[in-house]
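Close look at the chain arrangement
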Amino acid sequence: MEYLPNIIFAVILIAGIGYFASNVKKLIRNIKLGHKVDASDHTSERWKNVVNIALGQSKMVKRPVSGFLHVIVYVGFVIINIEVVEIIIDGLFGTHRIGASILPESVYGFLIGSFEILALLVLVSVIIFWMRRNVIKVKRFLSSEMKGWPKSDGNIILYFEVVLMCLFLVMNATDTTFQIMDSGNIISQFIAPWFDGFSAGTLHTIERAAWWIHIVGILVFLNYLYFSKHLHILLAFPNVYYGSVEPKGKFNNLEAVTAEVRLMMDPDADPYAAPAETAEDEVPAKFGASDVMDLTQVQLLNAYTCTECGRCTSACPANLTGKKLSPRKIMMDTRDRLEEVGKNIDINKGKFVDDGKQLLGDYITNEELWACTTCNACVEECPVSINPLSIIMDMRRYLVMEQSAAPMELNNMMTNIENNGAPWPYNQMDRLNWKDE
């Protein structure tokens with residue numbers, strides 16, 4: 001019976017980490033449904049982006065209020081969770097505040113005191129975030145795609161943070177041994193008087209309850225991430241690393257199309273024949289993208305990393321002028337469809353069975369795609385280097401090259417370019433007549 005709490009703790013810890021690992025495996029499998037992307041170039045620039053954007057939060061603070069509050073929560077989340085190491089050791093080996101017996105009292109007190117200050121700052125920040133969503137009702141959190149689960153998800157994670165921070169402070173405040181140290185109880189010393197009059201046994205029970213709920217809450221939070229937009233806590237770093245380092249506005253060419261053009265231009269020329277033959281076996285089943293399997297692994301990683309903050313949509317000129325396009329919705333739809341495909345694979349034992357649905361049409365409409373002005377505002381605004389425009393352009397390619405479903409104005413323009421070498425319906429001989437006017 002003496003070791004029963006340690007056994008129970010070990011079982012809970014293994015179950016929590018095991019379930020998380022199984023979801024991570026599923027996540028990686030879903031992302032690998034996309035086409036591979038070579039990201040071996042610009043290594044130093046990619047790592048620089050990770051340091052500045054993912055770690056340094058440089059794009060977050062462009063909007064000072066939300067950016068500063070997010071930095072507090074981010075730093076608090078990372079640093080306070082160092083305490084989890086001590087909790088795990090205590091839980092497995094039956095010790096109590098192992099750090100206090102290993103580290104000098106001043107050092108241990110400094111660490112726990114820092115955690116308590118951060119916990120208070122995180123509490124204040126989270127409350128402000130909750131008010132922005134539910135009382136002030138910031139416009140970008142009220143879009144149609146933010147109804148139902150996305151709205152609830154945003155609030156649930158805030159409640160998680162409040163509960164975890166409160167449990168941490170209560171755990172410290174009711175730990176009489178820690179309070180007697182009088183070192184590190186910077187915030188909890190003001191909470192401790194709330195429990196005056198309680199017996200030593202009752203204080204111990206409250207402290208143990210707070211300790212158990214705190215660690216179990218962290219494991220629940222860890223496993224909740226997979227089902228939440230807060231998956232970006234883990235994916236922001238690889239997403240920024242694999243983000244585009246090319247100048248904005250530069251679009252990639254489809255290799256299969258390039259090979260076909262080379263063959264049409266000069267099929268017998270040696271410099272062109274080799275690349276064309278190499279690409280011949282790699283011609284995709286279709287040009288562009290109509291479903292998540294047609295996208296790249298980076299684009300699917302983008303979808304899972306989306307924080308649903310709405311900065312992209314709030315900067316989108318098409319959205320601001322009342323059009324249906326919302327770059328945030330593009331990413332959310334892509335993630336939802338990818339999850340649907342993943343569940344299909346799970347049900348059918350590792351194989352995808354056509355369900356008669358696809359990303360284009362069932363999730364994202366033609367109207368949304370053609371509303372995009374390709375201005376890159378959404379790409380510039382995203383704090384974690386997500387590129388909604390690349391998905392929009394790939395789906396447009398499918399509409400044009402596979403379905404000839406471009407708007408009439410674009411079809412007329414492309415016909416004019418083909419026939420006249422210019423977008424305008426004038427004979428090539430008449431193209432310079434304007435200078436005689």
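Small disclaimer: the values here were computed from a predicted structure and weren't measured. (Residues numbered from 1 in each chain as written. Predicted model: local features only at pLDDT ≥ 70, side-chain atom pairs only at ≥ 80, totals over all residues. Heavy atoms only, no water.)

With that settled, the discussion passes to the overall build of the protein. Of regular secondary structure, the protein possesses 22 helices and 0 strands. Seen through its C-alpha atoms, the protein measures out along the principal axes to roughly 100 × 50 × 40 Å. When each of the 437 residues of the protein is scored for burial, the buried share is 44%. In the protein, 74% of the contacts between residues at least 6 apart in sequence involve partners at least 24 apart. Each charge class in the protein can be summarised by its mean position, and for the 39 positive and 48 negative side chains these summaries are 6 Å apart. (Helix = DSSP H or I, 4+ residues; strand = E, 2+ residues; numbered from the N terminus. Buried < 20%, exposed > 50% of the residue type's maximum accessible area, 1.4 Å probe, protein only. Contact = heavy atoms within 4.5 Å. Lys, Arg positive; Asp, Glu negative; His and termini not counted. Charge placed at Lys NZ, Arg CZ, Asp CG, Glu CD.)

The geometry of two aromatic rings is summed up by the distance between their centres and the angle between their planes. Considering all chains together, one arrives at 11 aromatic pairs under this definition. Here the aromatic rings of Trp 211 and Trp 212 are separated by 5.2 Å at their centres, their planes lie at 80 degrees, and the arrangement is edge-to-face. You can call Trp 211 buried: its relative accessible area is 5%. Consider the rings of Tyr 226 and Phe 227, whose centres lie 5.2 Å apart with planes at 90 degrees: the pair is edge-to-face. You can call Phe 227 partly exposed: its relative accessible area is 42%. A network of ring pairs unites the aromatic residues Phe 77, Trp 149, Phe 160, Phe 221 and Tyr 224 as a single cluster. A cation over an aromatic ring shows up here: Arg 46 above the ring of Tyr 241, its NZ or CZ 6.0 Å from the ring centre. One cation-aromatic arrangement involves Arg 208 over Trp 211; the distance from NZ or CZ to the ring centre is 4.7 Å. (Phe/Tyr/Trp six-rings, centres within 6.5 Å; stacked < 30°, edge-to-face > 60°. Lys NZ or Arg CZ within 6 Å of the ring centre and 35° of its normal.)

In low-pLDDT regions, the fine details of the predicted coordinates are not to be read closely. Summarising the model, the protein shows a mean pLDDT of 91, and 95% of its residues fall at 70 or more. Within the model, pLDDT remains below 50 along residues 276-281, and this stretch shows 4 contacts once partners closer than five positions in the same chain are excluded. (pLDDT = per-residue confidence, 0-100.)

Assignment of secondary structure puts Lys 323 in the loop between helix H16 (317-320) and helix H17 (327-347). For Lys 323, a relative accessible area of 43% corresponds to the partly exposed category. As a C-alpha pair, Lys 323 and Ala 371 span 48 residues in sequence and 6.6 Å in three-dimensional space. Not counting residues within four places of it along the chain, the set of residues in contact with Lys 323 comprises Ala 318 and Ala 371. One polar contact links Lys 323 to Thr 321, side chain to side chain, over a distance of 3.4 Å. (Polar contact = N/O pair within 3.5 Å; in protein donor to acceptor, adjacent residues only side chain to side chain.)

Counting 84 residues, the largest nonpolar core has Tyr 304 and Leu 325 as the members making the most contacts within it. In terms of residue count, the dominant contributor to this core is helix H7 (residues 149-173) (10 residues). Look past the residues within four positions of Tyr 304 in its chain and what remains in contact with it is Leu 27, Asn 30, Ile 31, Tyr 226, Leu 231, Leu 235, Arg 335, Leu 338 and Glu 339. Listed in part, the 5 residues of the second largest apolar core include Val 50, Ile 53, Val 240 and Tyr 241. (Core = buried A, V, L, I, M, F, W, Y, C linked by side-chain atoms within 4.5 Å.)

What follows concerns the environment of Ile 417. In this structure, Ile 417 sits in helix H22 (residues 408-420). On the accessibility criterion, Ile 417 (41% relative accessible area) is partly exposed. In this structure, the C-alpha to C-alpha distance between Ile 417 and Cys 378, residues 39 residues apart in sequence, is 29 Å.

Now for the pattern of salt bridges. Charged atoms that come close allow side chains of opposite charge to pair. On inspection of all chains with the given rule, the structure shows 21 salt bridges. Salt-bridge contacts for Lys 250 lead to Glu 246; the nearest nitrogen and oxygen are separated by 3.3 Å. Residue class for Lys 250 comes out exposed when judged on its relative accessible area of 54%. Close ionic contact of Glu 340 with Lys 357 constitutes a salt bridge, the shortest N to O distance being 2.7 Å. Of this pair, Glu 340 sits in helix H17 while Lys 357 sits in the loop between H17 and helix H18 (359-362), placing them 17 residues apart in sequence. The class of Lys 357 is partly exposed, set by a relative accessible area of 31%. In this structure, a network of salt bridges that share partners links the residues Asp 291, Arg 337, Glu 340, Asp 355 and Lys 357. (Salt bridge = Lys/Arg side-chain N within 4 Å of Asp/Glu carboxyl O.)

As a further point, take the state of the cysteines. Tallying each qualifying case throughout the model produces 0 disulfides. The thiol sulfur of Cys 306 is not disulfide-bonded, and the nearest other cysteine sulfur, from Cys 312, lies at 6.2 Å. Overall, Cys 306 belongs to the buried group, its relative accessible area being 7%. No disulfide involves Cys 309; its sulfur sits 6.2 Å from the nearest other cysteine sulfur, which is in Cys 312. (Disulfide = S-S within 2.5 Å.)

Our next topic: the packing of helix H6 (residues 105-134) against H7. With their axes 9 Å apart at the nearest point, H6 and H7 run at an angle of 150 degrees to one another. The angle between H6 and H7 falls in the class roughly antiparallel. Relative to H7, the crossing made by H6 is left-handed. Contacts between H6 and H7 involve Ile 112, Phe 115, Glu 116, Ala 119, Val 122, Leu 123, Val 126, Phe 129, Trp 130, Arg 133 and Asn 134 on the former and, on the latter, Lys 151, Gly 154, Asn 155, Leu 158, Tyr 159, Glu 161, Val 162, Met 165, Cys 166, Phe 168, Leu 169 and Asn 172. (Axes fitted to C-alpha atoms, helices over the stretch in contact; angles between N-to-C directions. Parallel < 35°, antiparallel > 145°, perpendicular 65-115°, else oblique. Left-handed = near helix turned anticlockwise from the far one by under 90°.)

As a further point, take the packing of helix H1 (residues 4-31) against helix H10 (residues 200-224). Relative orientation of the contacting elements H1 and H10 amounts to 15 degrees, with a least axis distance of 9 Å. By the angle between their axes, H1 is roughly parallel relative to H10. H1 and H10 meet at a crossing whose hand is left-handed. Residues Pro 5, Ile 8, Phe 9, Ile 12, Leu 13, Gly 16, Tyr 19, Phe 20 and Asn 23 of H1 form the contact with H10, whose participating residues are Trp 211, Trp 212, Ile 215, Val 216, Leu 219, Leu 222 and Asn 223. Here the residues of the contact of H1 with H10 are counted per class, giving 13 nonpolar, 3 polar and no charged. (Nonpolar A, V, L, I, M, F, W, Y, C, P; charged D, E, K, R; others polar.)

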